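This is what each chain is made of:
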Amino acid sequence: MEKNELKPQITSIIDSSHEPVEKMQQICDLLQKNLPTYNWVGFYMAHETEPTLHLWCQAGEPTDHTVIPFGKGICGQVAVSNENFVVDDVNAQDNYIACSIHVKSEVVIPLFKNGKNIGQIDIDSNTVAAFDESDERFLEWVNEQVATIL
Ligand code: SME
C-alpha cells in the first residue's frame, strides 16, 4: 500500500473516541502493518522536566531502549536539533543506538505542539536507504495530526 493512502484511516483514528496514547498505538500498528519497509514504528515523547525521551507506544519487535537521554542516538539528537533525521545506513553513524541487528536505515521526525519539540516518530527499516522526502512529508503530516490530540 502507498503511504498516502493511509491518511483517511489515520484521520479516522485521530477523530475516534479513544485516549491519545491508544490512538498513537493504533497509528504505529497501521503504519507497521501496511508499509513493508516500516519494520518498527514508535513514538518517543519528551519528559515534562527531565531531558529524556520515553517510548509511549511501538509496533514491531520490542526494544530495551524505552528511555533515551537527549543527545544520545538518532532520537536523542533530534530532541535537541528540532530537525528531521534521515539515516540511509545506520552502520555509518557514530551516535546511534542499535535496537536490532536487522535495522539498516532509520527516519526520525520531531513532533511539535505550539512550536515546541515535544517528541518524535521513529521508524526503523530492515532495508538500506528506505526513506526519502516523501516519507518526511508524510510523517510530518502524521505528527501534525497527533499534535492535535496532545
Ligand atoms: N535507533 C534509535 C534508538 C531507538 S530504536 O531505533 C527503537 C537511535 O539511535 O536513537
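Residues numbered from 1 in each chain as written. Predicted model: local features only at pLDDT ≥ 70, side-chain atom pairs only at ≥ 80, totals over all residues. Heavy atoms only, no water.

Under an unreviewed UniProt entry, the chain has the name Histidine kinase and belongs to Nonlabens agnitus.

Engineer: How do you make sense of the overall build of the chain when you look at a structure like this?
Structural biologist: Check the secondary structure of the chain and you find 4 helices and 6 strands. Beginning at the N terminus, the succession of helices and strands in the chain can be written as α-α-β-β-β-α-β-β-β-α. In terms of overall dimensions, the chain is globule-like: its C-alpha atoms have a radius of gyration of 14 Å, near the 15 Å expected for 150 residues. Reported as C-alpha extents along the three principal axes, the dimensions of the chain are approximately 40 × 40 × 25 Å. Each of the 150 residues in the chain was classed as buried or not, and the buried ones make up 43%. Carbon together with sulfur atoms contributes 48% to the accessible area of the chain, which is approximately 7,500 Å² in total. Of the side-chain charges in the chain, 9 are positive and 23 negative, and the distance between the mean point of each set is 4 Å. (Helix = DSSP H or I, 4+ residues; strand = E, 2+ residues; numbered from the N terminus. Rg over C-alpha atoms; globule rule 2.2 N^0.38 Å. Buried < 20%, exposed > 50% of the residue type's maximum accessible area, 1.4 Å probe, protein only. Areas by Shrake-Rupley, 256 points an atom, 1.4 Å probe, with all protein chains shown as cover. Lys, Arg positive; Asp, Glu negative; His and termini not counted. Charge placed at Lys NZ, Arg CZ, Asp CG, Glu CD.)

Engineer: Can you help me understand the UniProt feature "domain: GAF" (unreviewed entry) in the chain in this one?
Structural biologist: Sites flagged by UniProt as "domain: GAF" (unreviewed entry) map to residues 22–150. Secondary structure across residues 22–150 comprises 29% helix and 31% strand; the distance between its end C-alpha atoms is 12 Å. (UniProt positions renumbered as here; feature names shortened; annotations may be inferred.)

Engineer: I'm lost on the pattern of salt bridges in this one. Help?
Structural biologist: Oppositely charged side chains are able to pair whenever their charged atoms sit close together. Inspection of the entire model under this criterion finds 4 salt bridges. Taking the shortest distance from any N to any O, the salt bridge between Asp135 and Lys3 comes out at 3.7 Å. One end of the pair, Asp135, is in helix α4 (residues 133–147); the other, Lys3, is in the segment before α1 (7–15), and 132 residues separate them in sequence. Since its relative accessible area comes to 4%, Asp135 is described here as buried. Relative accessible area serves as the criterion here: at 12%, Lys3 is assigned to the buried category. (Salt bridge = Lys/Arg side-chain N within 4 Å of Asp/Glu carboxyl O.)

Engineer: How should the sheet that holds strand β2 (residues 52–59) be read in this particular structure?
Structural biologist: One open sheet accounts for 6 strands, arranged β3-β2-β1-β6-β5-β4; its pairing is antiparallel. On the outer flanks of this sheet lie β3 (67–69) and β4 (85–87), each paired with one strand and no other. With strand direction ignored, the average angle separating the axes of adjacent strands in the sheet is 25°. Pairing of β2 with β3 involves 3 bridges; the strand directions are antiparallel. The residue of β3 that forms the bridge with Thr52 is Pro69. Seen against the sheet, helix α2 (residues 20–34) touches β1 (40–46), β2 and β6 (116–125) and runs at an angle of roughly 60° to β2. (Pairing = 2+ DSSP bridges. Axes fitted to C-alpha atoms, helices over the stretch in contact; angles between N-to-C directions. Contact = heavy atoms within 4.5 Å.)

Engineer: Can you help me understand a nonpolar patch on the surface in this one?
Structural biologist: Residues Val21, Trp56 and Leu150 make up a contiguous nonpolar surface patch of roughly 240 Å² in combined accessible area. Note that Trp56 resides in strand β2. (Patch = residues over 30% accessible without salt bridge, like charges linked within 9 Å, V, L, I, M, F, W, Y side chains within 5 Å.)

Engineer: Would you mind going over the side chain of Lys3 with me for this structure?
Structural biologist: Polar side-chain contacts of Lys3 include one of 3.0 Å to the side chain of Ser134. In this structure Lys3 touches Leu35, Tyr38, Ser134, Asp135 and Phe138, once residues within four positions along its chain are discounted. (Polar contact = N/O pair within 3.5 Å; in protein donor to acceptor, adjacent residues only side chain to side chain.)

Engineer: Looking at this structure, how should I read unusual backbone geometry?
Structural biologist: It is generally the case that most residues other than glycine have a negative phi and that most peptide bonds are trans. At Asn82, a position not held by glycine, the phi torsion is positive, near 65°. Structurally, the position occupied by Asn82 is in the loop between α3 (73–81) and β4. Overall, the relative accessible area of 40% leaves Asn82 in the partly exposed class. Residue Ala129 is not a glycine yet carries a positive backbone phi of 50°. Assessed through its relative accessible area of 41%, Ala129 is described here as partly exposed.

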